[in-house]
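For reference, the chains in residue letters:
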Amino acid sequence: MSNGSRPLSPHLQIYRPQITSVLSISHRITGLVLAVGSLVLVWWLLAAASGPVGYDRAAGFLGSFFGLLILFGWTYALWFHFCAGIRHLVWDAGYALELSEVYLGGRIVIGASVALTILTWIIALIAW
Amino acid sequence: MSSTTSTPGLRNQLGRVRGLGSAKAGSEHWWMSRVTSIALIPLTLWFIFGVLAIIGDGHAAALHWLRKPFSAIMMILFVGATFYHTALGIQVVLEDYVHNEPVKLVSIVAAKFLCFAFAVAGIFAVLKIAFGG
């Protein structure tokens, strides 16, 4: 099928990024990040099951600079997907579908995910 | 006489009321995505609190946590719901962005196999810990 000379509708790069579209694709991207994160979870569980040597090796990697970077990204992706997922469930139930509510919900998701990430890491660094 | 005379097209009333097309799945994918997401709300909160409680405490503390029956059950549910939800989500992403039909089919099957395998691996690890292996 040739679409060489056919006019095309404006595509993504034409539009100004908006909170609606940016949060939508962010939900998808964080979902994929969490898929990778869940592999880390399985790896950690298998390390715990393997014994103290394997566990210490896994904990040592996760406690390194690179490991902490992964965990921090994972934490933010988790809280973002958690909050944005609840927003999706609210929409599925038929609420908050007015444009003003969609914008407000988006800001709440950004604020809540940042706050929860910071809170999680404050607790983690105190407990560590 | 025919049950299809009152309905448009070739679908009979039983087919319409079941809501299943030729894929035999209907809205199950969408619905299970939501069901697993609801399950993951409390499970994720439990997981975060649980990990924060043992962070940096070493192997013995991790085992002490996961050996409790409640913890083991919650972790198995968390791993299972996570990979179920992940498999559904990755399938949607592949369906949206992979336009080559054979590649799409193979990648979706591969993603489902991997999700199932990792879920089994995670659950196996929890059971091994819980049963004191």
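Residues numbered from 1 in each chain as written. Chains lettered and ligands numbered in written order. Predicted model: local features only at pLDDT ≥ 70, side-chain atom pairs only at ≥ 80, totals over all residues. Heavy atoms only, no water.

1. Digging into helix H5 (residues 101–130) of chain B
Operational definition: Think of it this way: any DSSP run of H or I at least four residues long counts as a helix, any run of E at least two long counts as a strand, and we number them from the N terminus. Helix span, expected: 1.5 Å multiplied by one less than the number of residues in the helix. For every residue, the accessible area (1.4 Å probe, protein chains only) is compared with the maximum for its type, and the residue is labelled buried under 20%, exposed over 50%, or partly exposed between those bounds. We call two residues in contact when some of their heavy atoms are within 4.5 Å. Definition of a polar contact: a pair of N or O atoms within 3.5 Å, with one able to donate and the other able to accept a hydrogen when the atoms are protein atoms, and with sequence-neighbouring residues admitted only if both atoms are side-chain atoms.
Taking 1.5 Å as the rise per residue, H5 of chain B with 30 residues should run 44 Å; its terminal C-alpha atoms sit 43 Å apart, in good agreement. Buried residues of H5 of chain B: Lys-104, Ser-107, Ile-108, Ala-111, Cys-115, Ala-119, Gly-122, Ala-125, Val-126 and Ile-129 of chain B, and no others. If you follow the buried residues of H5 of chain B, they end up packed against helix H1 (19–50) of chain A together with helix H3 (59–67) and helix H4 (69–97) of chain B. Backbone nitrogen of Val-103 of chain B and a side-chain oxygen of the N-cap are separated by 3.2 Å at the start of H5 of chain B; the cap is Asn-100 of chain B. One or two positions beyond H5 of chain B, positive phi appears at Gly-132 of chain B, with a value near 75 degrees.

2. Description of a nonpolar patch on the surface
Residue and element names in this part refer to chain A. Formally: Think of a patch as exposed residues, more than 30% relative accessible area, with no salt bridge, where like charges cluster within 9 Å and nonpolar side chains (Val, Leu, Ile, Met, Phe, Trp, Tyr) cluster within 5 Å. All accessible areas in this document rest on Shrake-Rupley with a 1.4 Å probe, and a residue is counted as covered only by the protein chains that are shown. The salt bridge definition used is simple: a Lys or Arg side-chain nitrogen within 4 Å of an Asp or Glu carboxyl oxygen.
Together, Trp-43, Phe-61, Phe-65, Phe-66, Leu-69 and Ile-70 make up an exposed nonpolar region whose accessible area comes to about 630 Å². For the nonpolar patch, the element with the highest residue contribution is helix H3 (residues 65–92), accounting for four residues. Tracing the sequence through the fold places Ile-70 in helix H3.

3. Examining the interface of chain A and chain B
One widely used convention gives an interface's size as the accessible area the parts lose upon coming together. For clarity, the threshold we go by: A 1.4 Å probe defines the accessible area here, and the buried area is the portion of it lost by two parts on being joined, summed over both. Residues are grouped as follows: Ala, Val, Leu, Ile, Met, Phe, Trp, Tyr, Cys and Pro are nonpolar; Asp, Glu, Lys and Arg are charged; all remaining types, including Gly, are polar.
Each partner contributes residues to the interface: chain A has 29 residues there, and chain B has 40 residues. For the pair chain A and chain B, the summed buried surface comes to about 2,800 Å²; carbon and sulfur atoms form 80% of the total. Asp-96 of chain B is paired through a salt bridge with Arg-28 of chain A; the nearest N and O atoms lie 2.8 Å apart. The interface formed by chain A and chain B holds five residue pairs in polar contact (both at pLDDT 80 or more) in total. At the level of elements, H1, helix H2 (52–62), H3 and helix H4 (99–127) of chain A are the ones that each hand at least two residues to the side of chain A that touches chain B. Here the side of chain A that touches chain B takes 14 residues from H1 of chain A, the largest share from any one element. Its residues assigned to classes, the side of chain A that touches chain B comprises 22 nonpolar, five polar and two charged.

4. Focus: the packing of aromatic side chains
All names here are of chain A. For clarity, the cut-off: Pairing of aromatic rings covers Phe, Tyr and Trp, the last through its six-membered ring, and needs centres within 6.5 Å; plane angles under 30 degrees mean stacked, over 60 mean edge-to-face, and all others mean tilted.
By the definition in use, this model includes nine aromatic pairs over all chains. Both rings, one in Tyr-76 and one in Phe-80, keep their centres 6.1 Å apart while their planes meet at 40 degrees; by these two values the pair is tilted. With Tyr-76 and Phe-80 both in helix H3 and four residues apart, this pair spans about one turn of that helix. Take Phe-80: its relative accessible area is 3%, and that puts it in the buried class.

5. Quick notes on the layout of surface pockets
The condition that has to hold: In the cavity and pocket records, a cavity denotes points on a 1 Å grid over the protein atoms alone where a 1.4 Å probe fits but cannot get out, a pocket denotes an open set with protein on both sides within 12 Å along at least 5 of 7 lines, and lining residues are residues with an atom within 4 Å of a point. Grid points are joined across faces, edges and corners, and a volume is the space filled by probe spheres set on the points.
Each pocket or cavity is described by its volume, and for the largest pocket that value is around 940 Å³. Forming the walls of the largest pocket are 36 residues, and the residues nearest its centre are His-27, Gly-31 and His-81 of chain A together with Ser-33 and His-85 of chain B. Of all the secondary-structure elements, those providing two or more residues to the lining of the largest pocket are H1 and H3 of chain A together with helix H2 (28–54) and H4 of chain B. Broken down by element, the lining of the largest pocket gets its largest block of residues, 10 residues, from H1 of chain A. In the lining of the largest pocket, the residues fall into 18 nonpolar, 16 polar and two charged. Computed from the structure, the second largest pocket encloses a volume of approximately 660 Å³. In terms of lining, the second largest pocket is formed by 26 residues, of which the most central are Trp-44, Leu-62 and Leu-71 of chain A together with Val-51 and Ile-55 of chain B.

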